[in-house]
Amino acid sequence: MRTLRIGIADYGQMKERTLAIARGDYRPAKGEPTVWFTSIESFAKVLSERNRELLMLIAQEKPDSLTELALLTGRNKSNLSRTLKTMSRYGLVELDKGQRGRLIPQVPYDQVRLDLSLL
């Protein structure tokens, strides 16, 4: 089972962390989040119930194109494309190039784990 670890940090914290890694001052530990959201609200929006259902459908049906996925979901292809591109920026979906430039959506993870510090 592959798990995507997600963290929440504001822009300043993410910038500081990225710069520390680039300088060699900080080395991420194994198991630390690899994907970051700026708020719980943005995380919830990207992983809404409708989008989680979309991810499950992609994982189960393995559509060969966005056109096929649009037919399976009944969703507009352009809206699907926008949603999937957002999800791909967070690593939730991979959009592989198929024949004639078709995009083939794939779900690389079985599970998402949110790491949220309260301090």
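Here's a quick rundown of the structure.

Some points on the pairing of strand 3 (residues 94–97)
So, point 1. Where strand 3 and strand 4 (residues 103–106) come together, 4 bridges link them in antiparallel fashion. Of the residues in strand 4, the one forming a bridge with D96 is I104.
So, point 2. The hairpin turn running from strand 3 into strand 4, its antiparallel successor, is 5 residues long, and R100 in that turn takes a positive phi close to 55 degrees.

What about the environment of W36?
So, point 1. You can see W36 is positioned in strand 2 (residues 35–37).
So, point 2. Between the C-alpha atom of W36 and that of D96, which follows or precedes it by 60 residues, the distance is 23 Å.
So, point 3. Residues in contact with W36, not counting those within four places in the same chain, are G7, I8, A9, M14, R17 and Y90.

Points about the sheet that holds strand 2
Hydrogen bonds along the backbone pair up the strands of a sheet, which may run parallel or antiparallel.
So, point 1. The 3 strands lie next to each other as 2-1-5, forming an open sheet whose pairing is parallel. Of all strands in the sheet, those bounded by a partner on one side alone are strand 2 and strand 5 (111–115). Within this sheet the neighbouring strands show an average axis-to-axis angle of 30 degrees, counted without direction.

Details of helix 5 (residues 77–89)
Along an α-helix, residues three or four apart share an orientation, since each turn contains 3.6 residues.
So, point 1. With 13 residues, helix 5 should cover 18 Å at 1.5 Å per step; its first-to-last C-alpha distance of 18 Å lies within 8% of that length.
So, point 2. Looking only at helix 5, the buried set comprises L80, S81, T83, L84 and M87.
So, point 3. Check the buried side of helix 5 and you find it contacts helix 2 (40–46), helix 3 (49–61), helix 4 (66–73), strand 3 and strand 4.
So, point 4. Positive backbone phi, approximately 80 degrees, marks G91, located one or two places after helix 5.

Parameters at a glance
Residues numbered from 1 in each chain as written. Predicted model: local features only at pLDDT ≥ 70, side-chain atom pairs only at ≥ 80, totals over all residues. Heavy atoms only, no water. Pairing = 2+ DSSP bridges. Helix = DSSP H or I, 4+ residues; strand = E, 2+ residues; numbered from the N terminus. Contact = heavy atoms within 4.5 Å. Axes fitted to C-alpha atoms, helices over the stretch in contact; angles between N-to-C directions. Expected span 1.5 Å × (residues − 1). Buried < 20%, exposed > 50% of the residue type's maximum accessible area, 1.4 Å probe, protein only.

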